[in-house]
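# Structural overview
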Amino acid sequence: CNFSLYFLLEVERKIRANDREYNSSFKYATNSIKTSKYNPFTFLPLNLFEQFQRIANAYFLFLLILQVIPAISSLSIQSLLISEKWMNVQVGDIIKLENNQFVTADLLLLSSSEPLNLVYIETVCCEPPNNRLDRFTGTLTFGTQKYSLDNERVLLRGCTLRNTDWCFGLVLFAGPETKLMQNCGKSTFKRTSIDRLMNILVLFIFGLLALMCIILAVGNGIWENHAGSKFNAFLPREENTAFSAFLTFWSYIIILNTVVPISLYVSMEVIRLGNSYYINWDRNMYHARTDTPAEARTTTLNEELGQIKYIFSDKTGTLTQNIMTFNKCSINGKSYGQDQSHMHQHKTPLQQSNMDFSFNRLADPKFFFYDHTLVEAIKLELPDAHAFFRLLALCHTVMAEEKKEGDLVYQAQSPDEGALVTAARNFGFVFRSRSPETVTIEEMGIQRSYELLAILDFNNVRKRMSVIVRNPEGKLSLYCKGADTIIYERLHPSCSELMKVTTEHLNEFAGEGLRTLVLAYKDLDEEYFSEWKQRHHESSVALEDREEKLEKLYEEIEKDMMLIGATAIEDKLQDGVAQTIEQLTKAEIKIWVLTGDKQETAENIGYSCNLLREEMNEVFFVAANSPEEVRQELR
């Protein structure tokens, strides 16, 4: 009770490292969690309530009660076999009790690259427990300094920490206060449509039984009035005819109990079990590459699948393979790259072959590109081409691992970033390593370290990412990549002509189903940036309205940028997607696909996977950024 009251009133959480007495004074939750449905007090009533969702179970319980009343029971206590069988079925269902208990905690990553003396950490102030997985607000006080804590510093349960041998951590939320458990809704009791249909059938059968018993009871009353009195001498009976008919009604309810078949549920369970095995044995649902058969984890899966009317699907990684390849690009108004599906048509032998990257000792041999004019532009040291790939090598959050000299392995949060960084690597701008303060790349064989001053993160609202770096010569630059509509709004007016040409290229790329990004940069003044950096730090450690304050600062600095070009990445469809969607359509299942791509890209993918067909004459797209906008579009 004390914990519940505190949790409701908590507006800010304070934690001290290595100070158990201080932390325990707040009565924070322990890291123990129970996921069982029941406890010793609620087990019997809750389980019985679930069992009696089946009308037949309630009926047979009622029948059992009737049979222990001597005035209406026609059977001895030894003959109540039906009731005993029903009790056995009930007990068998009730003993399926889950009682899972485990421990869990959300961890704050304090340091993984530099030694940190935790003894001198005074306080970590952060938001109270909540279910938001995409954001976190906190401040770390270390001596007299304050440091911003955001979602990138939090390790949720199940996360894996890579590229470091050790780290310091501090538990923020434990047990029921973790993000995982905050997102766990209360378990609900589910019934399939077959179960609901069976309940309706049982009610119908019970109604028929009641009608039969009423007819028999009325017949008994009539017989009692006309002939019943003649048998009183050797068969004593109830003098009241109406009461005798009433008792007869309930007696017939007991006698005719087999009209309501308890075996119906047993038969259904056997059928469900058999259907689940058919799913497991289905050769068409076997994935040979990973040796993975289908696995029905519930016996009701077959009928649950039959209830599906709508499928809501993401595009990337669901319809597509989530394996990105750098196919085309536009640099300073010139388009590079060839359509591989038609590359053998009207192409010279030079254009049909993969480019020669032998000039680059760190090139990835698995990378393919089919336009030699781009590598010639790099070799000729065209400034725009170099600026294009320099941006791709610097503006990202990829981690590089080099197990041996020249053997680079990139670990990216998204396949898009991995594909872009790999493209920059092959064209001579090789990302080598990063630290919290620097990004090291190799530009045409020359290693250069850039001071990393700020990362303006990507999110679904911003739809762009920027980094601010200082090159070895001391020049400050902001590099930005993002959605075309977002970047275009923040370009310098002098880019209007280049923007028109780039837009034509973007439309061509999108028409081929390619994912596009626009690249831009801006040179920064040292004095202005110093002042902006101070305001950025103050906003980043604020516990109230942090995101709004940071967004204003991002908007302020991400303007009047210069357009460099655009990228086009291909994400191929999964094998068999078109055939699968065709079969789902035949089953009259409606399919909705969510994507953040341009409308042209989305339309091309839709036709490629049979989601859209030529005979459709009322195709429309919903383009929105919020549920309210979706509702307006659908009106």
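Residues numbered from 1 in each chain as written. Predicted model: local features only at pLDDT ≥ 70, side-chain atom pairs only at ≥ 80, totals over all residues. Heavy atoms only, no water.

## So, the overall build of the protein chain
- Along the backbone of the protein chain there are 22 helices and 22 strands.
- In the protein chain, which comprises 635 residues, the share counted as buried stands at 39%.
- Surface accessibility of the protein chain: about 37000 Å² in total, with carbon and sulfur atoms responsible for 56%. (Helix = DSSP H or I, 4+ residues; strand = E, 2+ residues; numbered from the N terminus. Buried < 20%, exposed > 50% of the residue type's maximum accessible area, 1.4 Å probe, protein only. Areas by Shrake-Rupley, 256 points an atom, 1.4 Å probe, with all protein chains shown as cover.)

## Points about the pairing of strand β6 (residues 138-142)
- Burial within β6 is extensive, with 4 of its 5 residues counted as buried.
- Sheet topology places β6 next to strand β7 (residues 145-149); 5 bridges connect them, and they run antiparallel. Within β7, the position partnered with Thr-141 by the bridge is Lys-146. (Pairing = 2+ DSSP bridges.)

## Some remarks on the state of the cysteines
- Evaluated as defined, the whole model comprises 0 disulfides.
- With no disulfide partner, Cys-126 has as its closest neighbouring cysteine sulfur the one in Cys-125, 7.8 Å distant. (Disulfide = S-S within 2.5 Å.)

## Side note on a negative patch on the surface
- Together, Glu-12, Glu-544, Asp-545 and Glu-548 give the surface a local cluster of negative charge.
- By the element assignment, Glu-548 lies in helix α19 (residues 546-557). (Patch = residues over 30% accessible without salt bridge, like charges linked within 9 Å, V, L, I, M, F, W, Y side chains within 5 Å. Salt bridge = Lys/Arg side-chain N within 4 Å of Asp/Glu carboxyl O. Lys, Arg positive; Asp, Glu negative; His and termini not counted. Charge placed at Lys NZ, Arg CZ, Asp CG, Glu CD.)

## What about the side chain of Arg-272?
- Relative to the helices and strands, Arg-272 resides in helix α9 (residues 263-281).
- Given the relative accessible area of 3%, Arg-272 is considered buried.
- For Arg-272, the side chain forms a polar contact with the side chain of Asp-195, separated by 2.9 Å. (Polar contact = N/O pair within 3.5 Å; in protein donor to acceptor, adjacent residues only side chain to side chain.)

## Description of the environment of Ile-487
- Tracing the backbone shows Ile-487 in helix α16 (residues 484-488).
- Relative accessible area serves as the criterion here: at 0%, Ile-487 is assigned to the buried category.
- In this structure the C-alpha to C-alpha distance between Ile-487 and Leu-517, which are 30 residues apart in sequence, comes to 9.2 Å.
- With sequence-adjacent residues up to four places away left out, Ile-487 is seen in contact with Arg-464, Cys-480, Lys-481, Gly-482, Val-518 and Ala-520. (Contact = heavy atoms within 4.5 Å.)

## Topic: the pattern of salt bridges
- Counting across every chain of the model gives 31 salt bridges.
- Between Lys-481 and Glu-417 there is a salt bridge, with its nearest N and O atoms 3.6 Å apart. Of the two residues, Lys-481 is situated in strand β19 (residues 476-482) and Glu-417 in helix α15 (residues 415-426); the sequence distance between them amounts to 64 residues. Across the pair, Glu-417 and Lys-481 agree in class, each one buried.
- Residue Arg-470 is joined to Glu-451 by a salt bridge in which the shortest nitrogen-to-oxygen separation is 2.9 Å. Highlighted residues: Arg-470 in strand β18 (residues 464-470) and Glu-451 in strand β17 (residues 446-456), separated in sequence by 19 residues.
- A relative accessible area of 19% means that Arg-470 is categorised as buried.
- The network of salt bridges with common partners includes Arg-462, Arg-464, Glu-489, Arg-490, Glu-551, Glu-555 and Glu-558.

## Some remarks on the packing of helix α14 (residues 383-394) against α15
- One way to put it is that α14 packs onto α15 with a least axis distance of 8 Å and a crossing angle of 130°. On the basis of the axis angle, α14 is oblique to α15. Seen from above, α14 lies across α15 with left-handed handedness. Residues Phe-389, Leu-392 and Ala-393 of α14 pack against Leu-420, Val-421, Ala-423 and Ala-424 of α15.
- Here the residues of the contact of α14 with α15 are counted per class, giving 7 nonpolar, no polar and no charged. (Axes fitted to C-alpha atoms, helices over the stretch in contact; angles between N-to-C directions. Parallel < 35°, antiparallel > 145°, perpendicular 65-115°, else oblique. Left-handed = near helix turned anticlockwise from the far one by under 90°. Nonpolar A, V, L, I, M, F, W, Y, C, P; charged D, E, K, R; others polar.)

## What about the UniProt feature "binding site: Mg(2+)" (unreviewed entry) in the protein chain?
- Per the UniProt annotation, the sites labelled "binding site: Mg(2+)" (unreviewed entry) are Asp-314 and Thr-316.
- Relative to the helices and strands, Asp-314 resides in strand β10 (residues 310-314).
- Not counting the four nearest positions on each side in its chain, Asp-314 is found in contact with Leu-319, Val-593 and Leu-594.
- Mapped onto the secondary structure, Thr-316 falls in helix α11 (residues 315-319).
- With residues up to four places along the chain from it excluded, the contact list for Thr-316 reads Asn-322, Met-324, Arg-515 and Asp-571. (UniProt positions renumbered as here; feature names shortened; annotations may be inferred.)

## Details of α15
- Compared with an ideal rise of 1.5 Å per residue, which puts 12 residues at 16 Å, α15 spans 17 Å between its outermost C-alpha atoms and is within 8% of the ideal.
- Burial analysis of α15 places 11 of its 12 residues in the buried class, which makes it a mostly covered element.
- Among all positions of α15, only Asp-416, Glu-417, Gly-418, Ala-419, Leu-420, Val-421, Thr-422, Ala-423, Ala-424, Arg-425 and Asn-426 are buried.
- With its phi angle positive at about 100°, Gly-428 sits one or two positions after the end of α15. (Expected span 1.5 Å × (residues − 1).)

## Some words on the packing of aromatic side chains
- One pass over the full model with this rule turns up 22 aromatic pairs.
- Ring geometry for Tyr-278 versus Trp-281: centroids 6.2 Å apart, planes at 90°, classification edge-to-face. Taken together, the residues span about one helical turn, with Tyr-278 and Trp-281 both in helix α9 at a distance of 3 residues.
- Ring pairs connect the aromatic residues Phe-326, Phe-357, Phe-367, Phe-369, Phe-388, Phe-389 and Phe-427, which therefore count as one cluster.
- The aromatic ring of Tyr-28 is capped on one face by Arg-13, whose charged end is 3.8 Å from the ring centroid.
- Lying over the aromatic face of Tyr-22, Arg-16 brings its terminal NZ or CZ to 4.0 Å of the ring centre. (Phe/Tyr/Trp six-rings, centres within 6.5 Å; stacked < 30°, edge-to-face > 60°. Lys NZ or Arg CZ within 6 Å of the ring centre and 35° of its normal.)

## Some points on the nonpolar core
- Judged by nonpolar contacts, the single largest core of 47 residues is most densely connected at Phe-326, Phe-369, Leu-374, Phe-388, Phe-389, Leu-392 and Phe-427.
- Grouped together as the second largest cluster of nonpolar side chains are 25 residues, Ile-468, Cys-495, Leu-553 and Tyr-554 included. (Core = buried A, V, L, I, M, F, W, Y, C linked by side-chain atoms within 4.5 Å.)

## Quick look at the UniProt feature "transmembrane region" (unreviewed entry) in the protein chain
- UniProt annotation of "transmembrane region" (unreviewed entry) refers to residues 58-77, 200-223 and 243-266 when read in the numbering used here.
- Between the C-alpha atoms that bound residues 200-223 there is a distance of 35 Å. The span itself is 100% helix and 0% strand.
- Its end C-alpha atoms 38 Å apart, residues 243-266 is made of 71% helix and 0% strand.

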